[in-house]
Structures are given as structure tokens and as C-alpha cells.
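One letter stands for each residue in the lines below.
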Amino acid sequence: MRRARWSVATLAAASLLLAGCGGGDDKPADTTPESQGTTAGSTFASTWPLTGLPVPEGEDSAQAHPVMVAKIDNSGSEPQAGLGKADLVVEELVEGGITRLAAMFYSQLPAEAGPMRSMRFSDIGIVKPTGGDIVTSGAAPITTKRITGAGITFFAEGARGFSRDSGRHAPYNLMADLAEVAKADKTDTARPADYLHWGAVDEKFSGRPARTFSATFSGSHTSRWKYAGDHYELLDGNAPKGDTFQPDTVLVLRVRTSIAPYKDPAGNPVPETHFTGKGEALVFHGGQVVRGTWDKPGLDAVPTISTKAGEVLIPAGHVWIELVPVDGGDVTFK
């Protein structure tokens, strides 16, 4: 069955009426946008799957390795490394109210990424759509069992490409050469499916003005963003200058969370993010925001963003996804 996909440009009338989380109660108008003539779930071999950006002439979008998803610390204990080469980044809640990053690398693999940290149940719904591998410091036995049971390969300390940086303090000193780690996966690879439904690089985007916004995960952590003219800047990020991830679009998806059936070594309860089902979505792009809903019917499905006018195509480029809990989280913008 063919399903129409709508250009963001055609959503202007509806999106201007959409309120942000801290805004009014106006409802989107019902409009009938023009079809783009493509099919949902389509992939294009001339574009990168995690950004939708065109592949340089003479290169192939199918790499000789799977997507490598690095679990990178986000506590601020040590500077992050390698984020500047990521294609897409997902921020998720972990124990203690802090967050961790699932940084996805495909078009290029940095020689140093980290600090590497442990996996969570939450990573299944994040990683599964890529068909990729997780690069991690390890995990609790119950998590390892569930990750492998989901058919996801992971590489942890002791595997090829991992090392300890003597200039950092443990446990925030485990780093990974992702090009070396990728060599350990001998399985046949093919171009992954597109992680989001991409529009053009210059996709028109009309919404409510929003040049700054905050995504609150808990009472302990808020990610604050500013639109810097052609990209977004994370005001309280942990990456050094010259190695920051500068997204063109930030997706804030409100998600359901629960408590996993185990505790961390310090005895803290471990939250699990459920990246399936439906929820509220805010798409920040070009200093504006469009509010709608996200829908991800299964762990291996890619999320679809839509308003009453139809599906929203994400402008091709680098994307940061904030998985903000419905309970205990918040989103504000101005």
C-alpha cells in the first residue's frame, strides 16, 4: 500500500497554529498538502541513511561495516571525544537522573570516541532500526542477555580497538577506536534503512518561532539549546571546541519510562525508556518549532513524525534526538 508523505513546506498553515509545550492551546488546521510522490520507508542509495545527506560523487552509501552506536558518557566527568564525526545522536535517561548518549557513526568512524559507558534496556529500541552494533564498556548480565536476545551485536572492553587513557580518571577513561572495533564484525553488511523519513537539504520549514529551548529529563539534568543561525548549539555540552556535534534539527520526543528489574552497582533504580508506541513530538529546525506526534510501532521500526496535515519530513542533515520522559520531564521554548 502506498502512503503519501508530506513536505514540511506544505505544513506552514497548520504549524503556525501549533503551540509549544509552554505555549497556548491552539489546534492545528486540517489541510491537504501535496504528495511528494514517494513511498514511506523508501531509501535512496545516493544518500546517507542517518542524515539523508547526499553521498559525495564516486562514493557508496553502503559501507563495509554496520552502524556503530557508541554509548558515551554525558555526566561531565571527563570531556567527550568523537562526537564531531557522529551522524546522529540520541540522548536517553539513565539512573540518578542523568543522561547518556547513543552516538551513531556510519559515514565516518573516529579513531577515538568516548568515554565509553554501559548499555541499557533502552538501547534496544534506539539501535535496532539501524541493524548496527553497540560499542560499550559492558552491562549488567540481565542487560547483556536482553541485548543479545534482541539480535544486537555489541563490543565491550577487552575487544579490539578499546584502550584506557591514562590522562583521564576511571571509570571515565575507556576510549574506543571505532574503525578498529568495526573490523571485528565479520558479518556481511548492506546499506541500513533510513533512520528517519528525510526531506531535502533545503526543505522549507515554517513553524512557531523558537530560538532557544530546554529539554528537562529529571530534576538533575536539563539540556539547553540555542539556534546559532545555521545549526543548534548545546549550551551545557561536554564536548571540546572543534569536536562538538552541531545538529541541523533537534527532535524532542516524549516517551514512556519504567523501572528496569535490577539496580546499578550503587543500588540506584535503573530507568528504562520505551522507544515504541506513540507520543508528543516537537521538531526544532531553523529557529522554529513544529509540534506533532511520533509513532514507532515496534522496536525495529523507524519513528514517523506527523501533524493533522500529514507526515513531516525531516530536512536532511544532522539530527539530535531527545527522548524526554513523559513523567518527570518537560520541554520549554521561546
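Positions within a chain are numbered from 1, following the residues in the order the chain's sequence is written. Only residues with pLDDT of at least 70 are given local features in this predicted model, and only at 80 or more are side-chain atom pairs given and counted; all residues enter the totals for whole chains, interfaces and linings. Note: side-chain values were computed over all heavy atoms of the structure, leaving out hydrogens and water.

Some points on the confidence of the model for the protein chain
Do not read the predicted coordinates in detail wherever pLDDT is low. Our working definition: Residue-level confidence of the predictor is summarised by pLDDT, bounded by 0 at the bottom and 100 at the top. By definition, residues are in contact when any of their heavy atoms lie within 4.5 Å.
Averaged over every residue, the pLDDT of the protein chain is 88; the share at 70 or more is 87%. Contacts for the low-pLDDT stretch residues 1–42, under 50 throughout, to residues beyond four places or in other chains number 98 contacts.

Considerations on unusual backbone geometry
Under the convention used in this document: For helices the rule is a DSSP run of H or I covering at least 4 residues; for strands it is a run of E covering at least 2, with both sets numbered from the N terminus onward.
A cis amide bond, omega -5°, links Gly114 with the succeeding residue Pro115. Along the polypeptide, Pro115 turns up in the loop between β3 (99–105) and α2 (123–127). At the junction of Ala170 and Pro171, the peptide bond is cis and its omega measures out at 5° in the coordinates. Relative to the elements of secondary structure, Pro171 occurs in the loop between β6 (162–164) and β7 (174–176).

Remarks on the sheet that holds strand β11 (residues 232–234)
In a beta sheet, neighbouring strands are held together by backbone hydrogen bonds and run either parallel or antiparallel to one another. Worth spelling out the cut-off: DSSP-based pairing: two strands are paired if at least 2 bridges between them are found. Comment: axis = line fitted to C-alpha atoms, over the contacting stretch for helices; angle = value between 0 and 180 degrees taken between N-to-C directions.
What the 4 strands build is an open sheet, ordered β11-β10-β9-β19; its pairing is antiparallel. Looking along the sheet, the strands with just one partner apiece sit at the ends: β11 and β19 (330–333). Neighbouring strand axes in the sheet, compared pairwise and without regard to direction, differ in orientation by 20° on average. Summarising the sheet, strand β9 (residues 212–216) and β19 pair through 4 bridges and their orientation is antiparallel. Note on β19: the bridge partner recorded for Phe213 is Phe333.

Structural notes on the packing of aromatic side chains
What counts is decided by this rule: Between rings of Phe, Tyr and Trp, where Trp is taken as its six-membered ring, a pair exists when centres lie within 6.5 Å; planes separated by under 30 degrees are stacked, by over 60 edge-to-face, and by other angles tilted. Type-normalised accessible area, obtained with a 1.4 Å probe on protein chains alone, sets the label of each residue: buried when under 20%, exposed when over 50%, and partly exposed for intermediate values. Comment: the charge-over-ring label is applied if NZ (Lys) or CZ (Arg) is within 6 Å of the ring centre and within 35 degrees of the ring normal.
Under the criterion given, the structure shown has 10 aromatic pairs. For the ring pair Trp225 and Trp320, a centre distance of 5.0 Å and an interplane angle of 75° mean the geometry is edge-to-face. Residue Trp225 is found in strand β10 (residues 222–227), and its partner Trp320 is found in strand β18 (residues 319–325); the two are separated by 95 residues along the sequence. For the pair Trp225 and Trp320, one class covers both residues: buried. For the cation-ring pair, Arg146 lies above Phe121, with the distance from its terminal atom to the ring centre recorded as 4.1 Å. Sitting above the plane of the Phe275 ring, Lys296 keeps its charged end 4.8 Å from the centroid.

Points about the pattern of salt bridges
A side chain with one charge can pair with a side chain of the opposite charge if their charged atoms come near. Applicable threshold: Any Lys or Arg side-chain nitrogen located within 4 Å of an Asp or Glu carboxyl oxygen qualifies as a salt bridge.
Taken as a whole and assessed by the stated rule, the structure comprises 12 salt bridges. In this structure, the salt-bridge partner of Lys71 is Asp123, at a minimum N-O distance of 2.9 Å. Of this pair, Lys71 sits in strand β1 (residues 68–73) while Asp123 sits in helix α2, placing them 52 residues apart in sequence. Its relative accessible area of 0% is what places Lys71 among the buried residues. Residue Glu157 pairs with Arg164 through a salt bridge whose shortest N-O separation is 2.8 Å. On the basis of relative accessible area, Arg164 is assigned to the partly exposed category, the value being 41%. Residues joined in a network through salt bridges with shared partners are Lys71, Glu92 and Asp123.

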